[in-house]
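Commentary on secondary and tertiary structure
What follows is each chain in one-letter form.
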Amino acid sequence: MTAQEQSQSEPDGQPVRVRLRSETVIRSDLMYPGPDGRPVEEVRFRLEQYLGEVERAYAAFKDHP
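The following paragraphs examine the structure supplied in this document. Note that the structure is predicted; figures quoted are calculated from it, not measured. (Residues numbered from 1 in each chain as written. Predicted model: local features only at pLDDT ≥ 70, side-chain atom pairs only at ≥ 80, totals over all residues. Heavy atoms only, no water.)

**Some points on the overall build of the protein chain**
Note the cut-off: Going along the chain from the N terminus, every DSSP run of H or I of four or more residues is numbered as a helix, and every run of E of two or more is numbered as a strand. Only protein chains enter the calculation, and the probe is 1.4 Å; a residue is then buried if its accessible area is under 20% of its type maximum, exposed if over 50%, and partly exposed in between. Note on contacts: a residue pair is in contact if any heavy atoms of the two residues lie within 4.5 Å. What sets the accessible areas is the Shrake-Rupley method with a 1.4 Å probe; for residues, cover comes only from the shown protein chains.
In terms of helices and strands, the protein chain carries one helix and four strands. Within the protein chain, buried positions represent 22% of all 65 residues. Excluding contacts between residues fewer than 6 apart, the proportion of contacts in the protein chain whose partners are at least 24 apart in sequence is 5%. With the model as given, the accessible surface of the protein chain reaches about 5400 Å², and the carbon-plus-sulfur share is 52%.

**With respect to the pattern of salt bridges**
To keep it simple, the criterion reads: A pair is scored as a salt bridge if a Lys or Arg side-chain nitrogen falls within 4 Å of a carboxyl oxygen belonging to Asp or Glu.
Counted according to the given criterion, the structure contains four salt bridges. Between E42 and R44 there is a salt bridge whose closest N-O contact spans 3.1 Å. The exposure class of E42 is partly exposed, given its relative accessible area of 36%. Residue R44 is classed as exposed on the basis of its relative accessible area of 54%.

**Examining the packing of aromatic side chains**
What describes a pair of aromatic rings is the distance from one ring centre to the other and the angle between the planes of the rings. Counted only if it meets this: Here is the rule: rings of Phe, Tyr and Trp (six-membered ring for Trp) pair when centre to centre is within 6.5 Å. Planes less than 30 degrees apart are stacked, more than 60 are edge-to-face, and the remainder are tilted.
Applying the stated rule across the entire model yields one aromatic pair. Judged by centre distance (5.7 Å) and plane angle (50°), the rings of F45 and Y50 are tilted.

**What to know about the pairing of strand β4 (residues 39–46)**
Test applied: Strands are labelled as partners when DSSP assigns at least two bridges between them.
Across seven bridges, strand β3 (residues 24–33) lies against β4 in antiparallel orientation. Paired with V25 across the bridge in β4 is F45. As consecutive antiparallel partners, β3 and β4 are separated by five residues, and within that stretch G37 has a phi angle of approximately 90°, a positive value.

**Section: the side chain of S28**
Along the chain, S28 turns up in strand β3. Here S28 is in contact with V16, R17, R19, E41 and E42, once residues within four sequence places are set aside.

**Quick word on the environment of T24**
By secondary structure assignment, the location of T24 is in strand β3. In the structure, T24 is positioned 21 residues away from F45 in sequence and 5.7 Å away in space, judged by C-alpha atoms. With residues near it in sequence (within four places) discarded, T24 still touches R19, R44 and F45.

In structure tokens, the structure reads:
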């Protein structure tokens, strides 16, 4: 596993892969229903968008002990 690729577990214990490709964050090995009912297995975010959400979630978490 490279420095730009990590596995992490979701709350239900299922592993999820997070990869960085240029300015795109790719989360894969997902499995949840999309708006059309078909399974979503991969999502992509702009790096700026992803980091903004991580910062927002961290701020909310640290402010609620």
